[in-house]
Amino acid sequence: MASRFIQNSFHQQESQRPSRALSEHQRSKSEKGGQKVHHKSHASHHYNPLVIPCDWVLAENHAKARRVARELEVENQSTCPCCGYSIERTDLEYDCDPLEMKFLGSGFPLFYMFIKYCIFILVEFWLLKGMFCLATDLMGDYCYNQEKIKIQQKEHHSIHDHLNQQHHHHKHKEDNSICGGSLWHFVSLANVYDREDIRNLQSNLSLVVVFANMVSFLFFRKAQRSIDIEVDESQLTPSDYTICVKNIPKLNEDYREVLKNIFQNYAADGRELFVTKIVLVYNLDEVIELEEALKEMIRDKQEYLLENGMNFTDFKVKQLDEKLESLEQKIHQKEHELFINREKFAGIAFISFLTEEMKQLVLQHNPHTSWERVKAFFNNGMTGDVKEKGLIFEGHKLYVEEAPEPNDVDWEFIHIQTGQKVKARVIAWSISISFMAGCFFLIWFLSELAERMNEQVEEQEKKGIKDSLTQTIAFLTSQSISWTVVFFNKFVIGKVYHLIVDLEKISNKTKFNISFARKQSVALFINTALISLVIDFYLTGNVIGKGGFIYNESNVFLLNAFIPPIVWFVDPWSIQKDYQRQKQQKNVKNCVLTQQEANEIMEMPDYSQAKRYGDIMKTMWFTFFYGDIIPLGILFSIMGLTLYYFVDKYNVLRRRTIKESLSKHLSIEMIEMLELIIIFTGIGNTVVSSILFGEVKWQDFIIIIIGVVYILLPMEDISSVLFPLEQKDEVQSYYEAEEYFNTDYDRENPVTRREILHEIAKKK
C-alpha cells in the first residue's frame, strides 16, 4: 500500500453525522453485557474536592462507588460526584468464576488463569520428575553414613581441592563438603552425592519435563486468548472503537478538524469512515506545578487550623481560603488555555469511530514498525522514506495504535518526549543495580557471619565443649539469611521498585505494570536464588555443608511458599488503612482532611497486579532453577501458589480498590517471562553439576539450547496458527454503546475531566 500524503485543507466534504435518534427501548437494551453510565448525582453538582471540613457521607458513598462489585442494573441510580461511578453495587460471591470479574477488564480473569496454569505446570514438574527425585534422594545414604562420606571425600578430593584453593583463607573448607546432616540434606541431591546413576536418571527426566512444559505453554496461550476474546465480546468499552495516534506535527489550525478530515477521508484507502470523538493529549507540566502549589497551600491551612483551633472565621483562614480559590481558578483557567492553546498539544490524540469495523480498517491500513519510530526519533519526528506505508502528514508519519482503556492511560506522563523517557530509564536502571548490589553485600555479610559461627561451634565440639549459647547464635545466624531474603522480597523490593519504575515516566498503566513486573521479578529472583548461589558456591564454598547452600535455599523454599500468602491474608496494609480511617472519624470535630483526602481514606487500599505477578514469577523461576537439587521445594511451591490464589482473590473482592483496567498485553508479557523456566532449568542444573560434581550433563546443555530457541520463536503467532480463534467486531455503534461505558477518554483526561463530570452530575 502506498503512502497517502494529506494536504492541510478542508475543501473536502465531511460525511453527514448518522442519526442518534434511538428509541427508549433500544437504549435500555443491549445484545451484550455492559455497565450503563447513570446520570443522577447523589449530591449537588457543585462538588468541591478541597473543602474543609469534609462530608463523611460523601466519602462513604465514594468508597461504595469504588469498591470491587458489579453495578446494579437499576434506573436513576446515584453516582459519586467525585469519580462519576455508580454507588449502588452488588458484591460478587467469594467462590465466583474469575470471568465474573470481567467488568474490571480482561486483566483480572487472565491473572487468575495465569496462577492456575502456573500451579498446573508445577504439578506437572512434580509428577514427571519431582516425586522421583525425592524418592531417590531419600533412598540415598550419603548423609547418613559419615564413614562413607569420608571415603567419598578421598575419592572425590579433586573438586574439594579446587574449592580449597579458591577459599584457602577459610578454615575447615574440606569439611564444608561433608553433608550438613539436617533434614533438608536428607531430602536433597546431597544425599545421592555418590550416586551418578541416579543423577543420570534425574537428568533424563529433565528433558521430559521441558517438552511437557512446551506443550503446556501452547495451550496456556490459547486459553488466555480465549478469555480475552470472551471478555472483550461481553463488555462494551471505549477502546473497542478507539485508536491512539502519535507523532502528529505542530499546526496552526484546529487539530480536531484536521484529524477528523484525515481519518474520515484518507485513513482506509478512500473508504468513507465516521469519527465520533477526538480527545487530544496536552502537556500538563504547568497544571501539575500549580496543583503541587495548591497541595502545599492546603497543608498550610490544615496545620494552621490544628495549631489555632478549628476556627474557620479566623482572618488568616479566610486569607488562605481566598488564595486557594484564586489558585483553583488559575488551574481552571490553565486547563481551559491548554484546551484552546495549540502550542500545548503533545502530538497524541485518541480518535473514536462509529463502529469497531471502522477502527479495525484504520489499524490494518496504517501499520508501522519500531525501526520506523527509531529513525523518526533521530529525525525530529520526520519520515525520511516517502515510500513508507501509512498516513504521512506534513512530513510526519502518523503512528496508529490500538488505544488503551481510558483509565489505563497515565495522563501525567503520556506527553513526555522519548528523549526524556530514555534518560529517566537510564537513571532508574542505575538505581536498580545499586540497590541489588546492596542486597548482595548484606546477604554476603550474613553468610560470612553464619560460616564463622558454625566453625566456632565445630571447634568447641572437637574440644568436647558444649556451649548452648554459641550454638543458638549460630543457628539463628544461619536462619537469618533465609528470613532476610523473604523479608526483603515481601516488604522492601516491591516498594523500592515501584519508586524506581515511577521514575521512568511510562505512558500507560499496563506498560507501567509490565515494567514493574519485569524488574521486580528479576530482582526477586536475583535476591532469592542467584545471590546465595554466588556466595555459597564461589565465596564461602559451603554447598552441602552445615548452614550452607542446601540448608539456606531449602529454608527459602519453605518460607517463600507460606510467608507471602500468610502476610497477604493478614493484610497489614488494610489494618493500617482501617486505623487511619478510625482515627480520623473518631476525631471529627478536629478533622482537617479535605473532601478528596476523606474520599481516599475511605477507599480500600489500592491493588497492584504487577506485584502479584512478580511474586508468582519469582516462585516459578526459583522452583525450576533449584527444583532438581531440592525436589521438596516443588511441593512447597505448589502449596504456596494455591494458598496465594485464594487469598489474593479474597482480597480483591473484599479488601481492595481497583483503579486500573489492564489489558491482555500484561498477561502476554508474563507468559513470555514464564517461558524462561525452560532456560532456568538447564542453567540451574548445569551450575550445580559443574560446581558440586565437576561435570556438565549433555541433557542440560540440550535443554539450554531448546530454551533459547523457544524464547526466540514467535510463540504467540505460532499458538494463533495452531489454535485459531475468531473474534467478532462489536455490532453496536459507538452511540448505542456509549451509555454502557463506565468511563471515557474525555472523562479521564485532566484537561476535560472537570467539565465532563459536571455535565454528568447535571443530567437526569
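Residues numbered from 1 in each chain as written. Predicted model: local features only at pLDDT ≥ 70, side-chain atom pairs only at ≥ 80, totals over all residues. Heavy atoms only, no water.

Looking at an unreviewed UniProt entry, the chain carries the name CSC1/OSCA1-like cytosolic domain-containing protein, with the source organism given as Paramecium pentaurelia.

The helix and strand inventory of the chain stands at 27 helices and 11 strands. Across the 764 residues that make up the chain, the buried fraction comes to 56%. Long-range contacts, defined here as pairs at least 24 residues apart, represent 83% of the contacts in the chain between residues at least 6 apart. By element, 58% of the accessible surface of the chain is carried by carbon and sulfur atoms, the whole surface being about 34400 Å². (Helix = DSSP H or I, 4+ residues; strand = E, 2+ residues; numbered from the N terminus. Buried < 20%, exposed > 50% of the residue type's maximum accessible area, 1.4 Å probe, protein only. Contact = heavy atoms within 4.5 Å. Areas by Shrake-Rupley, 256 points an atom, 1.4 Å probe, with all protein chains shown as cover.)

Among the secondary structure elements, Ile-288 is positioned in helix 9 (residues 285-308). By relative accessible area, which is 22% here, Ile-288 ends up partly exposed.

On to a negative patch on the surface, then. A contiguous patch of negative charge on the surface is contributed by Asp-285, Glu-289, Glu-291, Glu-412 and Asp-502. A per-element tally of the negative patch places helix 9 first, with three residues. Assessed through its relative accessible area of 60%, Glu-289 is described here as exposed. (Patch = residues over 30% accessible without salt bridge, like charges linked within 9 Å, V, L, I, M, F, W, Y side chains within 5 Å. Salt bridge = Lys/Arg side-chain N within 4 Å of Asp/Glu carboxyl O. Lys, Arg positive; Asp, Glu negative; His and termini not counted. Charge placed at Lys NZ, Arg CZ, Asp CG, Glu CD.)

As enumerated under the stated definition, the model contains 31 salt bridges in all. Its salt-bridge partner being Glu-401, residue Lys-246 comes within 3.5 Å of it at the nearest N-O pair. Taken as a pair, Lys-246 in strand 6 (residues 242-246) and Glu-401 in strand 11 (residues 399-402) lie far apart in primary sequence, 155 residues in all. For Lys-246, a relative accessible area of 13% translates into the label buried. Measuring nitrogen to oxygen at the nearest pair gives 2.7 Å for the salt bridge that ties Arg-656 to Asp-571. Taken together, the positions of Arg-656 in the loop between helix 20 (632-654) and helix 21 (664-674) and Asp-571 in the loop between helix 16 (549-570) and helix 17 (572-586) put the pair 85 residues apart, joining distant regions of the chain. Across the pair, exposure class does not vary: Arg-656 and Asp-571 are buried alike. The structure contains a network of salt bridges with shared partners spanning Arg-221, Arg-225, Glu-672, Glu-675 and Glu-716.

General note: in soluble globular proteins, nonpolar side chains tend to be found buried as a group. In this structure, Tyr-112, Phe-114, Ile-616, Met-620, Tyr-626 and Leu-674 are the most contacted members of the largest nonpolar core, which totals 114 residues. Broken down by element, this core gets its largest block of residues, 13 residues, from helix 3 (residues 107-139). (Core = buried A, V, L, I, M, F, W, Y, C linked by side-chain atoms within 4.5 Å.)

Attention now goes to the pairing of strand 8 (residues 345-353). With nine of nine residues buried, strand 8 is to be regarded as a mostly interior element. Where strand 6 meets strand 8, four bridges bridge the pair, whose relative direction is antiparallel. Within strand 8, the residue paired with Thr-242 across the bridge is Ser-352. Examined bridge by bridge, strand 7 (residues 275-282) and strand 8 share six bridges and lie antiparallel to one another. Across the sheet, the residue bridging to Leu-280 is Ala-349, located in strand 8. (Pairing = 2+ DSSP bridges.)

In this section: the packing of aromatic side chains. Tallied over the entire structure, the rule returns 35 aromatic pairs. Ring geometry for Phe-111 and Tyr-112: centres 5.1 Å apart, planes at 65 degrees, overall edge-to-face. Assessed through its relative accessible area of 0%, Phe-111 is described here as buried. A relative accessible area of 0% places Tyr-112 in the buried class. Summarising the aromatic geometry, the rings of Tyr-117 and Phe-220 are spaced 4.4 Å apart at their centres and angled 0 degrees between planes, so their arrangement reads as stacked. You can see Tyr-117 sitting in helix 3 and its partner Phe-220 sitting in helix 7 (residues 196-234), a full 103 residues away along the chain. Classification of Tyr-117 by relative accessible area gives buried; the value is 17%. Three or more aromatic residues link up through ring pairs in this structure, and these residues are Phe-111, Tyr-112, Phe-114, Tyr-117, Phe-120, Phe-220, Tyr-613, Tyr-645 and Phe-646. Its guanidinium or amino end placed over the ring of Tyr-85, Arg-747 lies 5.8 Å from that ring's centre, counting from NZ or CZ. (Phe/Tyr/Trp six-rings, centres within 6.5 Å; stacked < 30°, edge-to-face > 60°. Lys NZ or Arg CZ within 6 Å of the ring centre and 35° of its normal.)

Our next topic: a nonpolar patch on the surface. Judged by side-chain polarity, Trp-371, Val-374, Phe-377 and Phe-378 come together as a nonpolar surface patch covering roughly 480 Å² of accessible area. Positionally, Phe-378 belongs in the loop between helix 12 (370-377) and strand 9 (391-393). On the basis of relative accessibility, which here comes to 68%, the residue Phe-378 falls in the exposed class.

Now for the packing of helix 3 against helix 20. Packing of helix 3 against helix 20 leaves a shortest axis separation of 8 Å and a crossing angle of 165 degrees. In terms of axis orientation, helix 3 runs roughly antiparallel to helix 20. Seen from above, helix 3 lies across helix 20 with left-handed handedness. Classifying every residue of the contact of helix 3 with helix 20 by side-chain character gives 18 nonpolar, three polar and three charged. (Axes fitted to C-alpha atoms, helices over the stretch in contact; angles between N-to-C directions. Parallel < 35°, antiparallel > 145°, perpendicular 65-115°, else oblique. Left-handed = near helix turned anticlockwise from the far one by under 90°. Nonpolar A, V, L, I, M, F, W, Y, C, P; charged D, E, K, R; others polar.)

We now examine the sheet that holds strand 8. Taken together, the four strands give an open sheet; going across it, the order is 7-8-6-11, and neighbouring strands pair in antiparallel fashion. The two strands at the open ends of the sheet, each matched to only one other strand, are strand 7 and strand 11. Ignoring strand direction, the axes of neighbouring strands in this sheet form an average angle of 25 degrees. Set on the sheet, helix 8 (residues 255-265) makes contact with strand 6, strand 7, strand 8 and strand 11; between it and strand 7 the angle comes to about 130 degrees.

Turning our eyes to something else, we now look at the side chain of Glu-401. Judged by relative accessible area, Glu-401 falls into the buried class, the value being 19%. Contacts of Glu-401, omitting those with residues within four sequence positions, involve Ile-243, Cys-244, Lys-246, Leu-363, His-368 and Arg-373.

The subject of this paragraph is the confidence of the model for the chain. Considering every residue of the chain, the mean pLDDT works out to 80; 83% of them sit at 70 or more. Of all secondary-structure elements in the chain, the lowest mean pLDDT belongs to helix 1 (residues 24-28), at 33, while helix 20 reaches the highest, 95. pLDDT under 50 marks residues 7-45. Its contacts with residues more than four places away, or in other chains, come to 104 contacts. (pLDDT = per-residue confidence, 0-100.)

Below, the discussion takes up unusual backbone geometry. Cis peptide bonds are those with omega within 30 degrees of zero, and the linkage from Ile-52 to Pro-53 qualifies with 0 degrees. The topology assignment puts Pro-53 in the loop between strand 2 (40-41) and helix 2 (56-66). Residues other than glycine seldom take positive phi values, yet Glu-394 does so here, at roughly 55 degrees. Within the secondary structure layout, Glu-394 lies in the loop between strand 9 and strand 10 (396-397).

Our focus in this paragraph is the environment of Phe-312. Structurally, Phe-312 is set in the loop between helix 9 and helix 10 (315-340). Residues Phe-312 and Ile-52, 260 residues apart in the sequence, show an inter-C-alpha distance of 9.0 Å. With sequence-adjacent residues up to four places away left out, Phe-312 is seen in contact with Ile-52, Pro-53, Leu-305, Val-317 and Lys-318.

As for its position among the elements, Lys-649 is in helix 20. Here Lys-649 is buried and forms no salt bridge, its nearest opposite-charge partner Asp-95 lying at an N-O distance of 6.6 Å. Polar contacts involving the side chain of Lys-649 include one to the main-chain carbonyl oxygen of Tyr-94, which spans 3.4 Å. Setting aside chain neighbours within four positions, we find Lys-649 in contact with Tyr-94, Asp-95, Cys-96, Pro-98 and Tyr-112. (Polar contact = N/O pair within 3.5 Å; in protein donor to acceptor, adjacent residues only side chain to side chain.)

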